[in-house]
Structures are given as C-alpha cells and as structure tokens.
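Take a look at the letters that make up each chain.
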Amino acid sequence: MSDAHTRIYRKDYQPSEWLIDTVDLRFELDPLDTRVTARLRVRRNPDVAPTNEPFALDGNELRLVAVRLNGAPLGENDFEADSRGLRIERVPPEFELETEVQLSPESNTKLMGLYTSNDAFCTQCEAEGFRRITYYLDRPDVMARYTTRIEADKSRYPVLLSNGNRVGQGDLPGGRHWVAWEDPFRKPSYLFALVAGNLVCHRGSFTTASGRDVALEIWVEPQNEDKCEHALASLKAAMQWDEETYGLEYDLDIYMIVAVDDFNMGAMENKGLNIFNSKFVLAKPATATDDDYEGIESVVAHEYFHNWTGNRVTCRDWFQLTLKEGLTVFRDQEFSADMLSPAVQRIKDVTRLRTAQFAEDAGPLAHPIRPESYIEMNNFYTATVYEKGAEVVRLYQTLFGKEGFRKGLRRYLETHDGSAVTCDDFREAMATANDADLTQLERWYSQAGTPKVQARGEWDEDARTYTMTVAQSQRTLPDTPPPSPLPIPVRVALLAPDGSEVPGSNRLLELTDSEQVFRFEGVAERPIASIGRGFSAPVRFEVDRGPDELAFLMAYDTDPFSRWEAGQELSKRTLLALVDRAERGGALELDPQLVDAFRKVLLDSSLDGSIKSLTLGLPSEEILSQELAVVDPDAVHAARSFVIRELGAELREEWQRVYDENARGTDAFHKTEVNRRRIKNRALRYLVALEEPDTIAIAARQFGAATGMTDYEAAFMALVDLVSPETEDAIASFYERWKGEPLVLDKWFRMQAMSSAPNAFDRVVALSQHPDFHLANPNRARSLLYTFAAGNPTGFHRADGAAYRFVGNMIAEIDEINPQVASRIVSSFNQWKRYEPRRSALMKAELERIASRPTISKDVGEIVERALQG
C-alpha cells in the first residue's frame, strides 16, 4: 500500500490466493459525487496454498463509505483502507464482500477509471484503472462475471451503457432512470466499461455465418451523427473477414462503439462496449484524409479482433501484454492488407516499425517484447510490445504459411478459451498444431534489440551456382547476458539481368546459427540478389551491393516491398554522404543516378499511385539519424532539404505533368481515387519545395479549391513549411473554417508543429497559449507538443536548447494533470546521448531538471530514470 515507485518483476509472478466469481456493480452517477457499490463473491483459489496474509484489494484514490462482509458492517478495527487499497485481517474461505465508495469523475484528469468527457461519463480500465472505480483484485488473471446497474439523471444522461446485454431498465424518482447490463462471459477487470451521456446512435446489423443477428451500434454526440458510416462499414468488414479467415464469430447479441474526445489511447476493446478516441471513429471526406479513413478501418478491426485475441483468451499478467497486442496488431495488419493493398500496407507497417521501434531498441528504454520488469505498466504500451510483437507473430506465418498459422491460432483459442495465459502457451499451440520445435523462437520474446543480418553472395560462372553467406549479430545490452542466435527467416530471390526471377531461386532461408551458407543451382548469368523480401523478419538487413544494383532493384524487382526498399537504401546512402559533407561545410551535389532512378519510377505505368508515391518518398530525418553515430540535426535537415529541392528541379516537368494528370477526380475514399491523390500530392510537395511563385501558387490554389480533407491538408502542409504571405493566409483561413471541428483543429495544431520553417518554434510557443489549446485534452496536447518534440527534429533540437526547456516546462504541467500523456512526450529526450556534445548536454540537463521535481509521477519518473541511466 506504499506510494513508492516500486519495480515489479516477471519472475516474481504468483497466482492470486483469491478468486472472484461474480461482480455486481451499482453506479449512482453524479459528476462530483458518484457512489459505486460493488458486491463480490470471493473464494480461495484451490490451486494456491493458503497464507496468513490479510485479504487485500487494490484501490486508488477512493473514498470509502462502507464495508460489509457477508451482510454485516465491518468496524474501523476490522479493516485498513488508504489511497492504495483495502485490507481485511480475517475472512472465511468463501464470502460476499460489499463496498461502497465515493468518486468525483469530473475531477479525474488522469482519464483512468471513471471520468467525464464533454458532460458524458466514460471509463478506461486498462491496465490498472478499475481500482480507481472500486476496490478489487485488479489483475488480468482474476476473471469474473459482471452485472452492472447504472442510475443517472434521465434528461442529462439519457443513454446508459455497459458490457454485455441489456437486461432491464426503468424510471426512478427525481427525474432519474436506471439500466441493467449482464455480461455472460468471464472477464478481467480491465475490460469493464461504462458510458453515460446525451448520445445518438448510428445503427447497423450483421448476420453471422451461423445465422445469428448482431445489433451494431455506434454512439456519438449529436453533431457527429453524419460521420459514422465508414466506422460501421469497417466493423462489418472486420466481422466478415474474421469469420472467413479464422472461422471466428462474434458471441454477443450487441456490439457497441462509443466515440469520446478525451481519451488517453486510440481505443479500448472492452467486451461488447468498445470506447474509442473519436479520432478513430468520425470521418467524412470533408473532415478526414485518406490516412484517417485507413486508420479508422484498422483500429475498428483491431478492437473487434480483440474479442477473441484478448477478451475470450487474455493475458495472465501484464508482462504478457504482447500476447494480446502483438497478435492483434498482426491480425489488423493482415486485414488492412486484404482490404487495401498488401504492398502498401507492408511498407506502411515497416516504416512505422523502423521509425519508432528501431529507435526504441537502440535507446535506453530497449526491452524485449515480453518485458522483465516495470515500475509503471502504462509505460510499456510501446512500439516494441505492439509493432515488434506483431512482427514476431508474423514469423509463425512466414514459417508455417497461412494455413499453418490458422491451425495454430485455432488450437490456441480452443485450448485456452476463457483463460488467462502466457506467450509460451501461444508458442506451444503453434508448435503442436504444426508438429514443430519452436524452442529457439522463445528468444524473440526474451532478447531486446534489433538483430543485424549481413548477406554477401558469390557467383561461380563455371559451376552455374550462386553461394550466399548470411550472418546474424546483436548488440549486448547492459546487465544482460550475451544474446544467442535467433531463428530468422530470410526470403530471397535471384534476379537475372532482364529483371526476371531465376527459376527456383525464390526461397525462404532459415537462419538459425550465427552464420550459414546457402547454395543456388542452375544460375546461368550473374544475378542480383533480392534479400529480405516482404521484410521477412524484424531485423536490419545489410547487404553487400553497390548503387548500380540498388538502382536495378528499384526499377525491376518483382517484389513491390523490395523495390521500395531498394529505393530507400539508395536514397539513404546518397543522403548520408551529403550529411557528412554538410557537417564538414562542403558543397552539396546530387548524384545523377538517384535522379535517373526516380525518373524511372515516376514514369513507370505499371505502378499504382500509392506504391509510386511511397517509392518516391525519401527516408525521414528520424530514419537517417538512426544511421549516425553522432547526430547533427541541422546537417541532416540541410542534406534532405537539398535533395528534395534538387529532385524537384531536375524532374520539374515530370512532376508537373503527374500533378496535372491527376488533378481531377472525386473526394471518395476509393482505391482508385486514393492512388490518384497520393501521387498528385507527392508531386505537389516536390514542386512547392522549389519555393518559386508559380509552384507556391499551385499549393495555394489547391488549398483554396479543395473540398476533401486529403487535398486540403496536403496543400496546407506544403504551405506551412514556407515563410510566405500564402502561408499566413492559409493558417488564418484554416482556423476560421474549422475552429468548430475538434479533430480537424487538431490537424491545424499538428501541421504547424511539424513545420520545418525557421519560425516553427516561435509559432509552437504561441500556439501553446492559444484559446483552443487545452493541456487536459490528450489529442490536443499530443497534436502540438508530442508532434513538435518527436516529429520536428530541427525545431525541437534548436542549438540554443530553448525548445528543450519549453517542452520540459510543458511536461511538468501535464504531469500534474495526466501522467500518461506526459510520459509519452518526455520520451522524446531518450536519445540524448546520440546528439552532438552541446545538444546532448542541454538535453541531459533538462532531463535532470524534470527528474528533480518532487511531485514527478511514476510514469514520467520511470522514463526519465532509464533515459539518464541508459
């Protein structure tokens, strides 16, 4: 019951001595004075030897009103309660415990537990929020059946929702009413949900493969009713896909989604009642971009897929978080690939992994996908657990194929339905279903860091063979044993000089030792090797090949991902050479080979607009910085900006032609229109980078004429990178047009925070004082502060350190309001050791200043401590 920042270890896990069979909840809702009565049926766990310890329940910032054991009130000497929990010295082996607590949801700015958002009540219980609602064994391996009765003012809160099926409702004296809900499935406390407010419903239905009708309900504030159809269509598509792909049907009579503006996460998979950040529900062409539409489709599917991989089968403890999140991210990636484009989806997934997770692996917060310890669990909802976790799950499908993966997943779900299990249980199910030994694969769960795979080849003309030597290595992290070799599938093909695949060369190599040699027969001509096709493992591939080979692969590789990858590698090598030259003060010149490679892609009619746009994009400044031993952000920015301008100038006629050819169309979210918009707006960015009056005018005209948010946002982003009258006009016009739309206004803050213009920092400081900027709203705080700190390298890493101090001050303010949001922003300082000495010293000093705050939260404290020690 201590408030100390105690570290929790996976090795110390013990099953609960007590089990809870049923939970009956009664909520008497009031923004300032909510009463929660919880009646628990408790019994000893027969699989755990009894101890003499008191019976203890978790609690956080609860005001206890009453405690009753088997109907009898307990006296003050019979229990101990404080802000962290409830302890009862003596209890029988089976009993009923009833507690009544008082809450103030309106004062709950942490947005964990029960809180208010725009005059509506909602909950967030993962990971440890339920203890902020009532006293409970708040751990995922304690599963119970819940009934919930909600009482509230009928005129103010006409809609009362919770998990499961609605089983009763009625009116109460004083203008109040009640609704009762019953969830027939056992669940852990983190999946409890409640929503109450003045909401409207966008309805639909879905008929399962077995013929059951499921009511689909999306609840939103009245002004947002016209923005729900895409989310509903995405939900139906996900339900059908899960049935067709894995044979998994939905299991309740109703599936509800509620959109709220104040939410720490993207969405939450509470059984039968998903609570979503409104960003991932609300969309129409005028207010949402193509990326927004795709994000909604992905997140709606992700939360629905959790019904089986997370709800029906959940994780035993929070160290196993990747068991549900990595698996479900993989499932939503596969779904999105089938809905849109497999190649585009793979490129997007890998870009996200490399930008966030590779950096995490290389920094002081590196951890395995199954962490060994934590102080604050909320800090481990990370790119490693989610994105790398998904890539580890993908390894099973790469090794066994889609049918083998399906067999393994079905066995896992059928064996453990209704249980709380571990990553080892999932691996064992996959091994059993496919009659395979997966002992070595366990290392992917326990070893941190990004492996490096090096490959080189040798062609023997006389023997008509090609020999490929593949080796793996990993860095040894502090306080960890040297890593052992991992099982790494490497998909390869050999390409002949005409770009065709050498027959029989498209193979999956299984690298299980530190180094192995693989031989290809019947190779009549010197081939070029395509290695790591489809990104077959979450590793850094280092392949011995020159720029001519990369240009060849960029033009002719038969694997779309590898074609994109070759372009990224060619661009990266060019850019890194220019960074070095910029650091030394040398003149910058662009290699004509890169221009020629870009021209070939730009003119290739076989590529759709989305693939073409992605292939013609340069590696980000964040990706480039990962390749440098010491980072000078000014040199990185100078080199990348130079290449963009030169490519814009050298290919100006081609860019203009592509823009003009794709200028006309509709705002519909349709694959053909999405492809058209993506390549058009890629051309726009290269043209505007020339900073000439006629190219700036193109962006200004598009901004003024656009009726869809994709083109509107693209034009605004191009303009906001400039210092020009058109920029100021666009900023003012955007705000006036959209100041009544919170999600669109988030974009206005976000794009200004990302601006590479010299005055970006001054603009961000001014925006932090804007009347529409609210630190208490996570979306708004992230849109400005996190975007600036994590997504604007030149602005955040100003040489004078002013931005470090500004962000540090904002972190201190947010930490008092919402530690989860603050901890995400403070992570932007994690890589401080990798920057040139002056900036490194300034970042370290800011971290030390943040650490010295006497009221620092566990969330921020853990991140800062590890960053300084790393």
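Since this is a predicted model, take the numbers as computed values, not measurements. (Residues numbered from 1 in each chain as written. Predicted model: local features only at pLDDT ≥ 70, side-chain atom pairs only at ≥ 80, totals over all residues. Heavy atoms only, no water.)

**Regarding the overall build of the protein chain**
Basically, it comes down to this: For helices the rule is a DSSP run of H or I covering at least 4 residues; for strands it is a run of E covering at least 2, with both sets numbered from the N terminus onward. Note on classification: 1.4 Å probe, protein chains only; a residue is buried when its accessible area is under 20% of the maximum for its type, exposed when over 50%, partly exposed between these limits. It only takes one pair of heavy atoms within 4.5 Å for two residues to be counted as in contact.
Looking only at helices and strands, the protein chain has 26 helices and 31 strands in total. Taking the principal axes of its C-alpha atoms as reference, the protein chain extends roughly 90 × 65 × 60 Å. Going through the 870 residues of the protein chain one by one, you find that 61% of them count as buried. Considering only contacts within the protein chain whose residues lie at least 6 apart along the sequence, 71% involve residues at least 24 apart.

**Topic: the nonpolar core**
Which entries qualify depends on this criterion: Throughout this description, the term nonpolar core refers to a set of buried Ala, Val, Leu, Ile, Met, Phe, Trp, Tyr and Cys residues connected via side-chain atoms within 4.5 Å.
Judged by nonpolar contacts, the single largest core of 269 residues is most densely connected at Phe27, Phe405, Tyr412, Phe426, Met468 and Phe829. Looking at this core element by element, the count peaks at 11 residues for helix H5 (residues 383-416). Apart from residues lying up to four places away in sequence, Phe27 is in contact with Arg35, Val36, Leu114, Ile133, Thr148, Arg149, Ile150, Glu151, Phe192 and Leu194.

**Examining the packing of aromatic side chains**
Rules: Centres within 6.5 Å make a pair out of two Phe, Tyr or Trp rings, where for Trp the six-membered ring is used; the pair is then stacked when the planes are under 30 degrees apart, edge-to-face when over 60, and tilted otherwise.
If you walk through the whole model with that rule in mind, you get 47 aromatic pairs. Ring geometry for Trp241 against Phe305: centres 5.2 Å apart, planes inclined by 40 degrees, an arrangement best described as tilted. Here Trp241 is found in helix H1 (residues 229-246), whereas its partner Phe305 is found in helix H2 (residues 290-305), with 64 residues between them in sequence. A single burial state applies to Trp241 and to Phe305, both of which are buried. Judged by centre distance (4.8 Å) and plane angle (50 degrees), the ring pair of Phe716 and Phe734 falls under tilted. With Phe716 in helix H17 (residues 709-720) and Phe734 in helix H18 (residues 725-738), this residue pair connects regions lying 18 residues apart in the sequence. Put simply, the rings of Trp241, Tyr246, Tyr250, Tyr255, Tyr304, Phe305, Phe330, Phe335 and Phe405 pair up and form one aromatic cluster.

**Here we look at helix H20 (residues 760-767)**
Selection rule: Throughout, the arc means the angular range of directions from the helix axis out to the C-beta atoms.
Those residues of H20 that fall on the buried side of the exposure criterion are Ala760, Phe761, Arg763, Val764 and Leu767. In an axial view of H20, the angular spread of the buried residues amounts to 160 degrees, which keeps them on one side of the axis. Elements in contact with the buried residues of H20: H18, helix H19 (742-754), helix H21 (778-791) and helix H23 (802-817).

**Here we look at the side chain of Thr37**
Assignment of secondary structure puts Thr37 in strand E3 (residues 34-44). Judged by relative accessible area, which is 14%, Thr37 ranks as buried. With residues near it in sequence (within four places) discarded, Thr37 still touches Asp24, Leu25, Arg26, Glu98, Thr99 and Glu100.

**Here we look at the sheet that holds strand E17 (residues 200-207)**
The criterion, for reference: When DSSP finds two or more bridges between a pair of strands, those strands are recorded as paired. Lines fitted to C-alpha atoms define the axes, with helix axes restricted to the stretch in contact, and inter-axis angles between N-to-C directions lie between 0 and 180 degrees.
Strand order in the open sheet formed by five strands is E17-E18-E19-E21-E20, with mixed pairing between adjacent strands. Looking at which strands have only one partner, the edges of the open sheet turn out to be E17 and strand E20 (267-268). As paired elements, E17 and strand E18 (residues 213-220) share eight bridges and run antiparallel to each other. The partner of Val200 across the bridge, within E18, is Val220. Along the sheet, H1 contacts E17, E18 and strand E19 (254-260); its crossing angle with E17, the most-contacted strand, is approximately 25 degrees. H2 rests against E19, E20 and strand E21 (273-277) of the sheet, and its axis sits at about 150 degrees to E21.

**Section: H17**
Put simply, the rule reads: Each residue after the first adds 1.5 Å to the expected span of a helix.
Over its 12 residues, H17 runs 16 Å from end to end, which matches the ideal 16 Å to within 8%, given 1.5 Å per residue. All of the buried residues in H17 are Met709, Thr710, Asp711, Tyr712, Glu713, Ala714, Ala715, Phe716, Met717, Ala718, Leu719 and Val720. Taken together, the buried residues of H17 touch H2, helix H15 (671-688), helix H16 (693-705), H18 and H19.

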